[in-house]
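# Structure assessment
Each chain, written out:
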Amino acid sequence: MSTKLIRGRTTAAREGDAVVLLIGMRINHFRAVHQWLPVMLSMFRMLRELARDPGRGLLGRVLLTASPRTYYVVQYWESKEKLYAYASSPDMVHHGMWSIVNRKERAGKLRGHVGLWHETYVAPEGGYESIYFDMPEFGLGAASGTVPVERRGRYGKDRFAYRGADSSAP
């Protein structure tokens, strides 16, 4: 992620659908480090794996903390198909980690020390907008690049109405 400040107002250059995945964990018992630390480390392994292969479809990500117990990643993907392909690919870290979780759950060996969650959203073109003011590229803008806000509309309603050159919408 760039730290270079971009003066003025910009907006995300994304055209087409925006696929956003929120994925994270909650530490339910701090003392059970042997339970939650491997989960946290596996998320970093997945992010490194995806960074090594941009063709998998991860455009960008932001690591966030919701509380001392809850950590998550906002991920921006090229498409839901690429997200699903990564998640279900047997040779990728995600598939292996979920296999372990599922086996432990079936065997009754999960003890509630760590919680896992994700939410996925597909926002069609015209269903999202952004503005960044005197900011480095961030969020969707970091994932897709930015353009001066005037290119998409000075007001939120104008940016929502924007359709890219490849759009078949009126």
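Keep in mind the model is a prediction, meaning the values are calculated, not measured.

Taken together, the side chains of Val33, Leu37, Leu41, Phe44 and Leu63 define a hydrophobic patch exposed on the protein surface, amounting to about 390 Å² of accessible area. When residues in the nonpolar patch are grouped by element, the largest group, four residues, is from helix α1 (residues 33-52). For Phe44, the location among the structural elements is in helix α1. For Phe44, a relative accessible area of 34% gives the class partly exposed.

This part takes up the layout of surface pockets. Space inside the largest pocket adds up to approximately 670 Å³. Elements with a contribution of two residues or more to the lining of the largest pocket: β2 (18-27), α1, β3 (58-65), β4 (70-77), α3 (93-106) and β5 (114-123). Per-element tally for the lining of the largest pocket: the top contributor is α1, with nine residues. Partitioned by chemical class, the residues of the lining of the largest pocket number 21 nonpolar, ten polar and two charged. Around the second largest pocket, the lining comprises 15 residues; the ones closest to its centre are Ala51, Leu58, Leu59, Gly60 and Arg61. Among the elements of the structure, α1, β3 and α4 (140-144) are those that each provide at least two residues to the lining of the second largest pocket. Taken together, the residues of the lining of the second largest pocket break down into eleven nonpolar, two polar and two charged.

Another point: the nonpolar core. Ranked by internal contacts, the top residues of the largest apolar core, which has 14 residues, are Trp77 and Tyr86. Counting residues per element, the ones that place at least two in this core are β2, α1, β4 and α2 (80-88). Among the elements that make up this core, the one with the highest residue count is α1 (four residues). Every residue in contact with Tyr86, bar those within four places of it in the chain, is listed here: Met46, Glu49, Leu50, Arg56, Trp77, Met92, Val93 and His94. Residues Ala12, Val20, Val74 and Tyr76 belong to the second largest nonpolar core, which totals twelve residues.

Residue placement: Glu15 occurs in the loop between β1 (6-12) and β2. Sequence separation between Glu15 and Lys104 is 89 residues; the distance between their C-alpha atoms is 41 Å. Discounting residues that sit within four places of it in the chain, Glu15 has contacts with Glu125, Tyr128, Arg152, Tyr162, Gly164 and Ala165. Looking at Glu15, its side chain comes within polar contact range of the side chain of Arg152, at 3.5 Å. Within the local environment of Glu15, its side chain forms a polar contact with the side chain of Tyr162, the two groups lying 2.8 Å apart.

Rules and cut-offs
Residues numbered from 1 in each chain as written. Predicted model: local features only at pLDDT ≥ 70, side-chain atom pairs only at ≥ 80, totals over all residues. Heavy atoms only, no water. Patch = residues over 30% accessible without salt bridge, like charges linked within 9 Å, V, L, I, M, F, W, Y side chains within 5 Å. Areas by Shrake-Rupley, 256 points an atom, 1.4 Å probe, with all protein chains shown as cover. Salt bridge = Lys/Arg side-chain N within 4 Å of Asp/Glu carboxyl O. Helix = DSSP H or I, 4+ residues; strand = E, 2+ residues; numbered from the N terminus. Buried < 20%, exposed > 50% of the residue type's maximum accessible area, 1.4 Å probe, protein only. 1 Å grid on protein atoms, 1.4 Å probe; cavity = no way out; pocket = protein on both sides within 12 Å on 5 of 7 lines; lining within 4 Å. Points joined across faces, edges and corners; volume = space filled by probe spheres on them. Nonpolar A, V, L, I, M, F, W, Y, C, P; charged D, E, K, R; others polar. Core = buried A, V, L, I, M, F, W, Y, C linked by side-chain atoms within 4.5 Å. Contact = heavy atoms within 4.5 Å. Polar contact = N/O pair within 3.5 Å; in protein donor to acceptor, adjacent residues only side chain to side chain.

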